Amino acid sequence: MNDKIRVRFAPSPTGELHLGNVRTAIFNWLFAKKNDGVFVLRIEDTDRNRYVETAVETITNSLQWMGLNWDEGPDIGGEFGPYNQSERLNLYNSIAEKLLLTNMAYKCYCTTERLQQLRETQTKNKQQIGYDGYCRNTSSNQKTNLENSKFVLRFRVPQSGITSLTDSIHGTKTFPNKLIDDFILIKTDGYPTYHFANVIDDHYMKISHVLRADEWLSSTPKHLLIYESLEWKPPIYIHLPIILGSDKSRLSKRHGATSIMEYKAEGFLPDAMLNALSLLGWALDDKTTIISREELTKKFELDKISKSPSMFDIEKLKWINSQYIRTTDNQNLNSILYSFLENNYKEKSKDYPFTLKYLSQITPLIKERINTLNEADDWINFFFHDCRKYTIEELIPKNMTLENTILLLKQSILTLQNTTPFNAELINNNLRTQAVSLDISIRQLLGSLRMAITAQKVAPPLFETIEILNKTRTIKLIEKAIDFLENPVNK
RNA sequence: GAUCCUAUCGUCUAGUAGGUUAGGACACAAGACUUUCAAUCUUGUAACACGGGUUCGAAUCCCGUUAGGAUCGCCA
């Protein structure tokens, strides 16, 4: 008896993986990990029109980035392959043949024009929309005349009775069969539809639990009908609540970034994404908001999945991400940050080389100030290239004059020159002493210096910044500011 | 239009055998700290969609209403 838990994530290669897909993948993955099961990746590429060449790679990259490793899949194979549906056409066809023989399916020669018109009339007359069974009872004699024209294979849905569906989180629901139309199994191009392929694959791949989005709930009776006709045992269904955008409609492009790779590009950490997405429609208890990958795989429970759809909140994601940034140790964070900024900074940093070592001094200063990796840029910019973009007003502290400011800056150069060793602590002490002797507040002093050195109102802690820049560079920057104040017209 | 799903602070949620000052987190506001910005700490505002029942007692059980969402493709 084989009761091993086997789940699958089955995206179609039509583009990027969006947040909803990823959440589905996460729940499948967690469920497999928690129960020592198998996580299968299956590519549902039965739509030749929407097929995107690069999509499979994008999908696998996204999954890998998120750390959702699969045990069986198109690239690594497995006992129940192949894992691309396009490579399983023979299987689908043989089953289709079987259904045709037992009269559970029939060929339909209706043109798309007829079907479209049918739908229009149904809509206009406010009738139930769906295939009207035109070819359902056409005799085989008539059909032979049509043998040359294109046909689809339709499932012959029982016209009476009910199909009942038991879902782990929604309970048992019943659907009258007469409301289900004769849906298509095989398209004119010979490829199966989702309804058909997914049932066959789930069966042959021995999938025990199907965790998929709520939007499939209404078509599940169709799938159940196929299982029944083939005398197969259906898997256990778990329909996951849908993720909504900020306007409560289904998450889509309108809501900004939806693809997982966009989040990667914005500097979100994979573990933070995992944490945040896991908590969308699932909760461990009444207080946990930060939960590690490991803990998640230990404590994930199906019965804690909520029934209602949830809105995706970018603010909470940012907060969770900031928590992960802060708890990553400095060295680790530094290399993450380095590779994140590398491409951009290699050429951008004209005045000072962008190296792992140099960055490692800076990283601790911004660690608690950024929510996402890409926010780092605003903070550390000036470390790598000098830019004087301040105005005279910005250099002059509150309640001070131009002359006093120039004096203050000149005095600061002297102070810094005499600071040895040149470390933050001593710089701190000496500048404070200087402020007292000039009879100004440390606030005033640092305000002006900060602008002169970093060209920003808001910057990392100044004493550490000065130490990292080193004495020569700092003094040069202050000299520039003085020069600017003394000869503004030339600039 | 038909079928199905759902309903606790603005948002994510706890509440699973009816009895809680309805808890936590994000966000927001105020204060403390402070070298700018953060971080941190304290405090605060804020919810059971509505209407009927059942019950001594309902966020919790039942019925109805409303609202939102999904599905109804030779897309998945």
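Everything quoted here is computed from the prediction, not taken from an experiment.

Draft legend 1. Looking closely at the protein's contact with RNA strand B. Surveying the vicinity of RNA strand B reveals 65 residues, the closest of which are Lys173, Lys187, Arg369, Arg443 and Phe463. Taking the atoms of RNA strand B that fall within 4 Å of the protein, sugar and phosphate contribute 71% of them. Measuring from a sugar or linking oxygen of RNA strand B, one finds a side-chain N or O atom of Arg326 at 3.0 Å. When residues of the surface near RNA strand B are traced back to their parent elements, those giving at least two are α4 (112-124), β6 (171-176), β11 (310-311), α11 (314-327), α18 (442-454) and α19 (462-469).

Draft legend 2. A look at the packing of helix α12 (residues 330-348) against helix α14 (residues 376-384). Packing of α12 against α14 brings their axes to within 12 Å, and their N-to-C directions diverge by 45°. Between α12 and α14, the crossing angle belongs to the class labelled oblique. Viewed along their axes, α12 and α14 form a crossing whose handedness is right-handed. Taking contact as the criterion, the partners of Leu337, Leu341, Tyr345 and Lys348 in α12 are, on α14, Ala376, Asp377, Ile380, Asn381 and Phe384. Of the residues that constitute the contact of α12 with α14, the class distribution is six nonpolar, one polar and two charged.

Draft legend 3. Structural detail: the domain arrangement of chain A. Along its sequence, chain A is carved into domain 1 (6-74 + 244-314), domain 2 (88-240), domain 3 (328-384) and domain 4 (392-490). Spacing between the C-alpha centres of domain 2 and domain 3 amounts to 55 Å.

Draft legend 4. Structural view of the state of the cysteines. Scanning the entire structure with this criterion turns up zero disulfides. Note on Cys108: no disulfide assigned, nearest cysteine sulfur contributed by Cys110 at a separation of 3.7 Å. With relative accessibility at 1%, the residue Cys108 sits in the buried group. Cysteine Cys135 remains unbridged, with the sulfur of Cys110 as its closest cysteine sulfur at 3.6 Å. On the basis of relative accessibility, which here comes to 6%, the residue Cys135 falls in the buried class.

Criteria and cut-off values
- Residues numbered from 1 in each chain as written.
- Chains lettered and ligands numbered in written order.
- Predicted model: local features only at pLDDT ≥ 70, side-chain atom pairs only at ≥ 80, totals over all residues.
- Heavy atoms only, no water.
- Near = heavy atom within 4 Å.
- Polar contact = N/O pair within 3.5 Å; in protein donor to acceptor, adjacent residues only side chain to side chain.
- Helix = DSSP H or I, 4+ residues; strand = E, 2+ residues; numbered from the N terminus.
- Axes fitted to C-alpha atoms, helices over the stretch in contact; angles between N-to-C directions.
- Parallel < 35°, antiparallel > 145°, perpendicular 65-115°, else oblique.
- Left-handed = near helix turned anticlockwise from the far one by under 90°.
- Contact = heavy atoms within 4.5 Å.
- Nonpolar A, V, L, I, M, F, W, Y, C, P; charged D, E, K, R; others polar.
- Domains from an automatic or database assignment.
- Disulfide = S-S within 2.5 Å.
- Buried < 20%, exposed > 50% of the residue type's maximum accessible area, 1.4 Å probe, protein only.

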